[in-house]
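Each chain is listed here by its residues.
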Amino acid sequence: MAGNDWINSYLEAILDAGPSIDAAKSSLLLRERGRFSPARYFVEEVITGYDETDLYKTWVRAAAMRSPQERNTRLENMCWRIWNLARKKKQIEGEEAQRLSKRRLERERARRDATADMSEDLSEGEKGEAIGDLSVHGDSSRGRMPRISSVDAIEFWTSQFKDKKLYIVLISIHGLIRGEDMELGRDSDTGGQVKYVVELARALGSMPGVYRVDLLTRQISAPDVDWSYGEPTEMLTSRSSDSFMHEMGESSGAYIIRIPFGPRDKYIPKEFLWPHIQEFVDGALGHVLQMSKVLGEQIGGGQPIWPVAIHGHYADAGDSAALLSGALNVPMLFTGHSLGRDKLDQLLKQGRQTREEINVTYKIMRRIEAEEISLDASEIVITSTRQEIEEQWRLYDGFDVVLERKLRARIKRGVSCYGRYMPRMVSIPPGMEFNHITIHDGDVDGESEGADENSAVLDPPIWSEIMRFFTNPRKPMILALSRPDPKKNITTLVKAFGECRPLRELANLTLVMGNREDIDEMSSTNSSVLTSILKLIDKYDLYGQVAYPKHHKQADVPDIYRLAAKTKGVFINPAFIEPFGLTLIEAAANGLPIVATKNGGPVDIHKVLDNGMLVDPHDQHAIADALYKLVSDKQLWARCRQNGLKNIHQFSWPEHCKTYLSKIASCRPRHPQWRRSEEGIEDSEPDSPNDSLRDIKDISLNLKLSLDGEKGEDGSAIGKALVSEDVTANGKSNLENDIVKLSKGVMSTTQKDGSSERTDNYSSKLPMLRRRKYIFVIALDSVSDADLIGIIKSIFEASSGDMMSGSIGFILSTRLTILEIHSLLMTGGIPATDFDAFICNSGSDVYYPSSSSDDLLYPYELPYALDIDYHSQIEYRWGGEGLRKTLVRWAASIADKKGESEEQVVVEDVERSSTYCYAFQVKNPSLVPPIKELRKHMRIQALRCHVLYSHDGSKLHVIPVLASRSQALRYLFVRWGIELSNMIVFVGESGDTDYEGLLGGVQKTLILKGAFNTAPSQLHSTRSYQLKDVVAFDSPNILQIEGCGTNDVQSALKQLGVLKN
């Protein structure tokens, strides 16, 4: 390296920016030709540490240069890149350290605030046990996992639950899912989760008391995938024997239901499914409603059989399950499988990408928000291991182990938690099917001696496909089975094998890394890993000692395990972190000892099975030592094999399902419940969710208007009128100007003589919602009141013909209160009865206008009916007064300091608040935190709610977590049978912070563009993810038009096929 003194200066810069070389490593580097070699250090240490394949390629090209000058130039360029990488990594680490420090402070502050509210002291015995002891989640981590293994328990379960007829819905929407011949490893989306959900559905469908299980996923009719993924329904055949099925009682079994959503002819990665989530939810909602009705006719005596639980798997399905359970008022379960915050931390530690770059690639912030929403909505979160609870879920705003323990203790005592809720964390290891496994005790040599001449013909084809790689196929086989993904750490395994000569001499290595046709056609990440492995095989000259077959079927996997066991081999899972490790259970069931990562689920599995060794996945010498010890010590190998076979029954699917169903049984039952009318309604349509029209009590809001400000009949305080002097200037009548007080209370259900007559008149109007062919939903937030009135009239005029015939109905969806809506309509001269419903207070209230001519506005009465059944849908986890007090305390902390004086920026708006909507006025939007920060503040204190800012940032609404304007539309679909696909939603170019929810789904959306749209508040520019990442603006259901005139609207409706030409 003479003449390359410049390298030393770059080396010093690199060493200053990154970690120093320890003495042992330095001495090794200095041995090369008797002196230090910077180039070798760059390539073997720095480049490897950053896992930069492109830098390795640069080094290869530089080393091949014949010209010393050109070689030095390339090396200099490479040095600069490495130096920048080191600085970038150090900068990212510093930023993350500050972020984590801030997060710890926020958590501690939130705990103090929550504890201050929950003022009662807990005795030592009520504080809950330590995290490692008997947990408040209901599981024990002392010793081995709690499992019921006796045959008597199975028989007891069968006899106890045989007569139940449960309907369970599972959701897993990404990847390729089918019941047989699963293409596991085909891509990063089709892995262990696919196998888990299919086998869980099949096992649940075979359990006593379970009538039907639906696994909802995406229907894919793409040319590059098999036709079976386009089939709408697939029945999962039970693995149980006929006699056991007979003992179970009546059962409809398990099915894969494929819902069409997103691009119909394209298979897309999970990162690009987010814009289509709401379309899936609408399709799934239609299926569940139809199935509930069918099951009701079969086994429910004509009453719908609602799902006992909806279980989402992974973040995308969790988001879907939250919306679906909210629309149906059904308990939700969630399993994360792989968590976004954990992945984000792992990627940040690599130092190759910033948080923003990671978000662009993986849509990680949308994924994390979906997981937070799942925590908000879930009754139970099911994990595979305790490690997932204590190390991964603790990273989330919505879960805190310490606060959860306090809440659980208060619940056990029957003490109020002041509106705070935590999902119950339950660790249930996945199960496995054992009926197809045959254990063989002989090795290859032993069996070959006594085998007949035709024994080779009976060997599974996959055996010869693997053995053709080996020079000596009789050596013990070290088996690794995973996708070629960097986090699976296969390259470290190959290095450990290649650098340990005794291990190479004693064993072979088999790498089953999914299926592939051409490496160049694989994803960049997978192809990079596979290429690195092939280079390592060449580097260590491992030809004849390593097998890496291109293809295998799912049915071949048991045979692969069996082959490794016959050669007295070992199974290894060296992943950096493994959420559970289902392959470890499969290997143990086939008689294979294991070597596994010490990070994650394998720790719990090893406690139960005691059939191998745990290693540090970063330490290749430890990996090599563990493998060598197991394959060289035959007594240790036999002991581990026997331990695994003896204890493996504790991971069977029946055991898993018993625990699973017992946890579901502990949930408070919830399902749609409508109050029936006292008198049947003859014109109720047969295709509605229920056979008769339920009664919405006409609380008739009979909203009392008072000129004095006295209390209403129910004793509630009379609020101030929303009619101000400013409105007077716009032409309000003298009568309205005199109305200065309006009642916030609601009349009791005991009505006066005239009110029952109005109820009858009101009820006679409601079936019209079902008779409408189309429903126009007007949900414009970005326009002034005057422009909104003009747009409403334009929409009315554009559809006047169909409106007169009754085929089109109208809904006004807004953040306004019902009183503000009434004032707005009166100002524009629009009768309230021109609308079928009003979605008010950002989706926390649903009102219907009275249809009776006698119910016109009187000086003392407003004729609107409040849908109290909707409140029963959205009240789940509503914090009530405890939430309000926390919000008031938070609002008081936001102040505008002007010299020595302070002015409160956020003020509670009592007059616009309601039972399920806490309203606040924002005097200066530039001084309040963005919506994501306020949501975070609420979640850290275990308060579950939906926080929204208005379009201009001047209003803040806090409503129940499962309430929104889009969810209110789904409620109307469930309640009245209004087809979502026949809804046309009118929105502006922007809106309140729930704007994105109005753009997705199967409904058609018209975006009205033009100068009448006002600019949104800067609060809307601080969202965690871009709108295009979650809204499919190229969808045929979304149409953008310029203008809002009658002709513009009419033309757009014709284009959508709503109006005839």
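Our subject in this report is the structure included herewith. Computed from a prediction, not measured in an experiment: that's the story for all the values here.

1. Focus: the overall build of the protein chain
Right, on to step 1. The secondary structure content of the protein chain amounts to 39 helices and 31 strands.
Right, on to step 2. Here the protein chain holds 1061 residues, and the buried ones make up 57% of them.
Right, on to step 3. Within the protein chain, counting contacts between residues at least 6 apart in sequence, those at least 24 apart form 74% of the total.
Right, on to step 4. Counting only carbon and sulfur atoms, one obtains 49% of the accessible surface of the protein chain, whose full area is about 44300 Å².

2. Overview of the packing of helix H11 (residues 340-350) against helix H12 (residues 355-362)
Right, on to step 1. Packing of H11 against H12 leaves a shortest axis separation of 10 Å and a crossing angle of 125°. Between H11 and H12, the interaxial angle falls into the category oblique. Crossing of H11 over H12 shows right-handed handedness. When H11 is examined against H12, the residues Lys-343, Leu-344, Leu-347 and Leu-348 are found in contact with a partner set consisting of Arg-355, Ile-358 and Tyr-362.
Right, on to step 2. Taken together, the residues that form the contact of H11 with H12 break down as five nonpolar, no polar and two charged.

3. Quick look at the nonpolar core
Right, on to step 1. Of all hydrophobic cores here, the largest spans 125 residues; its most connected members are Ile-171, Phe-280, Leu-285, Leu-328, Trp-393, Leu-883 and Tyr-949.
Right, on to step 2. When near neighbours in sequence (up to four residues on either side) are disregarded, Trp-393 contacts Phe-334, Leu-339, Glu-371, Leu-375, Val-381, Thr-383, Glu-388, Phe-399 and Met-425.
Right, on to step 3. Within the second largest apolar cluster, 69 residues are counted, among which are Ile-462, Val-595, Leu-636 and Phe-651.

4. What to know about the environment of Glu-379
Right, on to step 1. Take Glu-379: it is sitting in the loop between helix H13 (364-377) and strand E7 (380-383).
Right, on to step 2. Taking the C-alpha atoms as reference points, Glu-379 and Ile-664, separated by 285 residues in sequence, lie 9.0 Å from one another.
Right, on to step 3. Sequence-distant contacts of Glu-379, that is, excluding residues within four places in its chain, are made with Pro-331, Met-332, Pro-423, Arg-424, Cys-667, Arg-668, Arg-670, Tyr-876 and Arg-877.
Right, on to step 4. Engagement of the side chain of Glu-379 in a polar contact is seen with the side chain of Arg-670, the distance being 3.5 Å.

5. Points about the packing of aromatic side chains
Right, on to step 1. For the structure shown, the criterion picks out 16 aromatic pairs.
Right, on to step 2. For the pair Phe-796 and Phe-810, a centre-to-centre distance of 4.6 Å together with 70° between the ring planes defines the contact as edge-to-face. Taken together, the residues span a long stretch of sequence, with Phe-796 in helix H32 (residues 785-798) and Phe-810 in strand E19 (residues 808-813) at a distance of 14 residues.
Right, on to step 3. The buried category is assigned to Phe-810, whose relative accessible area is 1%.
Right, on to step 4. Aromatic side chains Trp-878 and Tyr-916 sit 6.2 Å apart centroid to centroid with 45° between the ring planes, which places their arrangement in the tilted category. Taken together, the residues span a long stretch of sequence, with Trp-878 in the loop between helix H35 (868-874) and helix H36 (880-893) and Tyr-916 in the loop between strand E25 (906-908) and strand E26 (918-922) at a distance of 38 residues.
Right, on to step 5. Trp-878 sits in the buried class, given a relative accessible area of 10%.
Right, on to step 6. One aromatic cluster is present, formed by Phe-776, Phe-796, Phe-810, Phe-835, Phe-838, Tyr-864 and Phe-986 through successive ring pairs.

6. So, helix H7 (residues 192-205)
Right, on to step 1. Across its 14 residues, H7 extends 20 Å between first and last C-alpha, which sits within 8% of the 20 Å expected from 1.5 Å per residue.
Right, on to step 2. Burial of H7 is extensive: 13 of the 14 residues sit out of reach of the surface.

7. Considering a negative patch on the surface
Right, on to step 1. A cluster of acidic residues, Glu-517, Asp-518, Asp-520 and Glu-521, forms a negative patch on the protein surface.
Right, on to step 2. Among the structural elements, Glu-517 can be located in the loop between strand E10 (508-512) and helix H21 (524-539).
Right, on to step 3. Taking relative accessible area as the criterion, Glu-517 reaches 58% and is therefore assigned exposed.

8. Some points on the sheet that holds strand E14 (residues 612-615)
Right, on to step 1. Across the sheet, six strands lie side by side as E11-E10-E9-E12-E13-E14; this open sheet has parallel pairing. The open sheet is flanked by strand E11 (546-547) and E14, the only strands paired with a single partner.
Right, on to step 2. With three bridges connecting them, strand E12 (residues 570-573) and strand E13 (residues 594-597) associate as parallel partners. Bridge assignment links Asn-573 to a residue of E13, and that residue is Ala-596.

9. Some thoughts on the pattern of salt bridges
Right, on to step 1. Overall, the coordinates contain 38 salt bridges when judged by the stated rule.
Right, on to step 2. Among the charged side chains, a salt-bridge network with shared partners connects Arg-178, Asp-181, Glu-183, Arg-186, Asp-187 and Asp-226.

10. Structural notes on the pairing of E26
Right, on to step 1. Buried residues dominate E26, accounting for four of its five residues.
Right, on to step 2. Direction of pairing for E25 relative to E26: antiparallel, over a ladder of three bridges. Looking at E26, one finds that Val-907 is bridged to Gln-921.
Right, on to step 3. Pairing analysis gives four bridges linking E26 to strand E28 (residues 955-960), with the strands arranged antiparallel. Looking at E28, one finds that Ala-919 is bridged to His-957.

11. Regarding helix H15 (residues 401-413)
Right, on to step 1. With 13 residues, H15 ought to run about 18 Å at 1.5 Å a step, and its terminal C-alpha atoms sit 19 Å apart, in line with that.
Right, on to step 2. Among the residues of H15, Val-401, Leu-403, Glu-404, Arg-405, Leu-407, Arg-408, Ala-409 and Arg-410 are the ones counted as buried.
Right, on to step 3. Of the residues that open H15, the one with a side-chain oxygen 3.1 Å from the backbone nitrogen of Val-402 is Asp-400.
Right, on to step 4. The first or second residue beyond H15 is Gly-414, which carries a positive phi of 75°.

12. Let's talk about the environment of Asp-992
Right, on to step 1. As for its position among the elements, Asp-992 is in the loop between strand E29 (983-987) and strand E30 (1004-1009).
Right, on to step 2. Taking the C-alpha atoms as reference, Asp-992 lies 8.4 Å from Pro-1016; in sequence the two are 24 residues apart.
Right, on to step 3. Once you skip the residues sitting within four places of it in the chain, Asp-992 turns out to touch Asp-781, Arg-815, Tyr-949, Ser-950, His-951, Arg-965 and His-1020.
Right, on to step 4. Side-chain polar atoms of Asp-992 contact the backbone nitrogen of His-951, separated by 2.7 Å.

13. Digging into unusual backbone geometry
Right, on to step 1. In this structure, Asn-329 takes a positive phi of about 60° despite not being glycine.
Right, on to step 2. Within the fold, Asn-329 resides in the loop between helix H10 (314-328) and strand E6 (332-335).
Right, on to step 3. A positive phi angle is found at Asp-610, which is not glycine, with a value near 50°.
Right, on to step 4. Inspection of the secondary structure puts Asp-610 in the loop between helix H24 (602-609) and E14.

14. Some thoughts on the sheet that holds strand E4 (residues 253-259)
Within a sheet, each strand pairs with its neighbour through backbone hydrogen bonds, oriented either parallel or antiparallel.
Right, on to step 1. Ordered by their spatial adjacency, eight strands build an open sheet running E3-E4-E2-E1-E5-E6-E7-E8, and the pairing between neighbours is mixed. In this open sheet, the two strands that pair with only one neighbour each are strand E3 (233-236) and strand E8 (424-427). Direction aside, neighbouring strands of the sheet carry axes that sit 20° apart on average.
Right, on to step 2. For strand E2 (residues 210-218) and E4, the ladder comprises seven bridges, and the chain directions are parallel. Opposite Val-213, over in E4, you have Ala-254 as the bridge partner.
Right, on to step 3. The strands touched by H10 within the sheet are strand E1 (166-171), strand E5 (309-313) and E6, with E5 carrying the most contacts at an inclination of about 160°.
Right, on to step 4. Along the sheet face, H13 touches E6, E7 and E8 and points at about 140° away from the line of E6.

Each value, and the rule that gives it
Residues numbered from 1 in each chain as written. Predicted model: local features only at pLDDT ≥ 70, side-chain atom pairs only at ≥ 80, totals over all residues. Heavy atoms only, no water. Helix = DSSP H or I, 4+ residues; strand = E, 2+ residues; numbered from the N terminus. Buried < 20%, exposed > 50% of the residue type's maximum accessible area, 1.4 Å probe, protein only. Contact = heavy atoms within 4.5 Å. Areas by Shrake-Rupley, 256 points an atom, 1.4 Å probe, with all protein chains shown as cover. Axes fitted to C-alpha atoms, helices over the stretch in contact; angles between N-to-C directions. Parallel < 35°, antiparallel > 145°, perpendicular 65-115°, else oblique. Left-handed = near helix turned anticlockwise from the far one by under 90°. Nonpolar A, V, L, I, M, F, W, Y, C, P; charged D, E, K, R; others polar. Core = buried A, V, L, I, M, F, W, Y, C linked by side-chain atoms within 4.5 Å. Polar contact = N/O pair within 3.5 Å; in protein donor to acceptor, adjacent residues only side chain to side chain. Phe/Tyr/Trp six-rings, centres within 6.5 Å; stacked < 30°, edge-to-face > 60°. Expected span 1.5 Å × (residues − 1). Patch = residues over 30% accessible without salt bridge, like charges linked within 9 Å, V, L, I, M, F, W, Y side chains within 5 Å. Salt bridge = Lys/Arg side-chain N within 4 Å of Asp/Glu carboxyl O. Lys, Arg positive; Asp, Glu negative; His and termini not counted. Charge placed at Lys NZ, Arg CZ, Asp CG, Glu CD. Pairing = 2+ DSSP bridges.

Just geometry here; none of it tells us what the structure is for.
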